[in-house]
Amino acid sequence: MKFTKAEIDAVIAASPRTTVPLNKLVLSVDYQVRPGGSTSKLSIAELASSIKDSGVLQNLIVVKGVQGQFDVCAGGRRLESLSLLASSGEIPDNYPVPVLIVPADKALLASLAENVFHVPMHPADEYLAFAKLLGEGKSVEDVAAAFGVTPLVVKRRMKLASVSPKLMAQFRADEIGLDCLMALALVDDHDKQEQAWAGLQPWNRRPECLRQLLTQDEVESDRDPVARYVTLKAYEKAGGALRRDLFSDDDKKAYLLDVPLLHQLATDKLRKKARQVAAEGWKWVDVQARWVRDDYLSHGELHKTRRAPTEQEAASLDALQARMAALQDQMDALDEGDEDQADELEREVAALQVQGKAIEADLSTWPVELMKQAGCVVHVDQNGTPTVKRGLIRPDDRSDMAQAARQAGEGGVQAGMVSLPSPKTRPVHSDKLMRRLTAHRVAAVQAELIARPDVALVAITAQLAQKLFLNHGYRCHQQDPVLAITATDSQSDLRAAADDIETSPAWLRMDAERRTWADKLPQDLDAMFPWLLAQDQATVLQLLTFAVASTVTGIYGVEPATQRTDALALALGLDMRRWWTASGPSYLDHVSKGRILEVVTEAVDINAAAPLAALKKDAAVSGAEQAMAGAAWLPMCLRTGTSSKPLGDGGGAVHVGASDADAVGELAV
């Protein structure tokens, strides 16, 4: 029989409301439509604490039973919570409980009214209600006690209530999951929360990605080596600002907000180690919180030399070698079943090897006469411990070091003690601009490749063949995967190299294709294989082509003679004039005025470039843009064989072979 809400409301309206002693209430078995409990998210302990603090806010529905008792047909969790309070002595056994008494033949109707038509509180409302209670002056501890939860639970619900109202509305609409809401609550800035959510593609909106975006300028106290070296206690004592993650199981974890202070504390702590190193006789000692290799690329390097061993050291080395040879002979003579004796001999050999390495380490020394022209960097390593990079030669000390090394060599000291970087000519394009340009080239190759499954199939086949047949030393056996093949999307690398990449035609084309496949493919990874089996070969080949295109790499900081994308570019008939245009933001703003004049001369003629020489840089850029309009000029790193053809000449298909496999940079077998 189907009951309407009006019928159920009529039953409830006709029923008397009163109170009944707790010890007269028993849970009904016959009239409960939800014997497993109601839709409330509160636990019994939480509900009991709430009742203790505020009383029973919603009456129980009962039916008159035998011997003055009443059968509870709706409100079983409230009855259980009241019984818990009574058993612990919080309320008396005859505590008056508000009830609605309904006829036995209407009990199921009333129970339906309680459960079917009851709309449970949305978690968002719960978070805001907790926030409102605290806003009215109640302490965290009072609210926690009232609901039978820990203060941490209250703080977490308060933190969730602080999320942007726009995002909270999406949470209500089930467009944001609770795990993502917790990640967004890491920061209090609503704009930052909204930007982080909008900054990720829908298929990539995962808690870990959100945390990475929101905390990219912060330092994790438990993971960062410098933070572990300084210690959270010392950082807090120095007044460092931090933010704790209320949703972390580790209550000691924190995000450090003052990175300069953290590095200052680290360098101050390292100075004692630096004084000890300086006493060794070096010309200089730098103290850095972190070792940044790029800061010392222009430095040369001094190497240790091996001194002649003393008679005692030579005798010790000879004795060690003889003993290890004897042990090896004993192991060779053992039968297959003598595993215990073999293990004992191996342990002795290992101990002797340690002794030998210790002696050799003593024989390797820094040449004292050259240490006066070199220095060290004291820093924190990846394990969070202080370490020293010794033997660095500053560019200003190169000539003095070279002369001192020659003199040391004449005195019988070993050759090759010093490595000095060769002088470098200034490149046409800076590292940043070169990475920017080649990122656009990679994106264009990807965009061209998704339309050429024939080239994609050859490229991936060539890559696999290289791994299987040309690299005989590569054997990586894994038990779980069926195929030991991995693929890495180069999307994040392109973003990092070129901040304008997302507005480029190539990126937009790849992104549209990515969205199409994301909507089409099954979300369950285990369903991917059977889904593809059910598709026609053209669909499978299209997906393979997109996957291969997504892995193409080839970003360079220094302009190379050849690029790994050259073979693919030729095979695709790539013409970068279809995908990139020289403008102020894309190129001219990033080069010198002299380079601008060279470009205009090459793209147009010297007559167009000459007037720009007298202008300031900004005006020269604007003038160059006007002069080059329609010239379709490309820097050398973006040119291929097709770039010399008139724009619009697409060229025919080009056959590629196994040597073209380097064009796919992030596929591995």
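That block above? That's the structure.
These numbers were taken from a predicted model, which means no experiment stands behind them. Numbers given for residues are sequential positions, taken from 1 along each chain in its written order. Only residues with pLDDT of 70 or above have their local features reported here, since the model is predicted, and side-chain atom pairs are shown and tallied only from 80 upward, although totals for entire chains, interfaces and linings are computed over all residues. Think of the side-chain values as coming from all heavy atoms in the structure, minus any hydrogens and water.

1. Side note on the overall build of the protein chain
In plain terms, the rule: Strands here mean DSSP runs of E at least two residues long; helices mean DSSP runs of H or I at least four residues long; both are numbered from the N terminus. The buried label goes to any residue with under 20% of its type's maximum accessible area, the exposed label to any with over 50%, and the partly exposed label to all in between, with areas taken from a 1.4 Å probe on protein chains only. Residues count as neighbours in contact if any of their non-hydrogen atoms are within 4.5 Å of one another. All accessible areas in this document rest on Shrake-Rupley with a 1.4 Å probe, and a residue is counted as covered only by the protein chains that are shown.
A count of helical and extended segments in the protein chain gives 28 helices and 17 strands. Classification of the 669 residues of the protein chain by burial places 40% in the buried group. Partitioning the intrachain contacts of the protein chain with sequence separation of at least 6 by distance along the chain shows that 74% fall at a separation of at least 24. Carbon and sulfur atoms make up 53% of the accessible area of the protein chain, which totals about 37,200 Å².

2. Details of the environment of K155
Summarising the element assignment, K155 is placed in helix α7 (residues 151-161). The contact partners of K155, leaving out residues within four places of it in the chain, are V140 and L246.

3. Focus on the packing of aromatic side chains
Which entries qualify depends on this criterion: When the centres of two rings from Phe, Tyr and Trp lie within 6.5 Å, Trp using its six-membered ring, the rings pair. Their planes under 30 degrees apart give stacked, over 60 give edge-to-face, and anything left gives tilted. Lysine and arginine charges are scored as sitting over a ring when NZ or CZ, respectively, is within 6 Å of the ring centre and within 35 degrees of the ring normal.
Taken as a whole, this structure holds four aromatic pairs when the rule is applied. With a centroid separation of 5.2 Å and 75° between ring planes, the pair formed by W282 and W366 is classed as edge-to-face. In this pair, W282 is assigned in the loop between α14 (259-278) and β9 (284-290) and W366 in the loop between β12 (364-365) and α17 (368-371), connecting sequence segments 84 residues apart. Each of the two residues, W282 as well as W366, counts as buried. Ring geometry for W580 against Y587: centres 6.2 Å apart, planes inclined by 90°, an arrangement best described as edge-to-face. For the pair W580 and Y587, a shared accessibility class is recorded, and that class is buried. Above the face of the Y229 ring, K269 is positioned so that its terminal group lies 4.4 Å from the ring centre.

Geometric descriptors of this kind do not, in isolation, establish any biological role.
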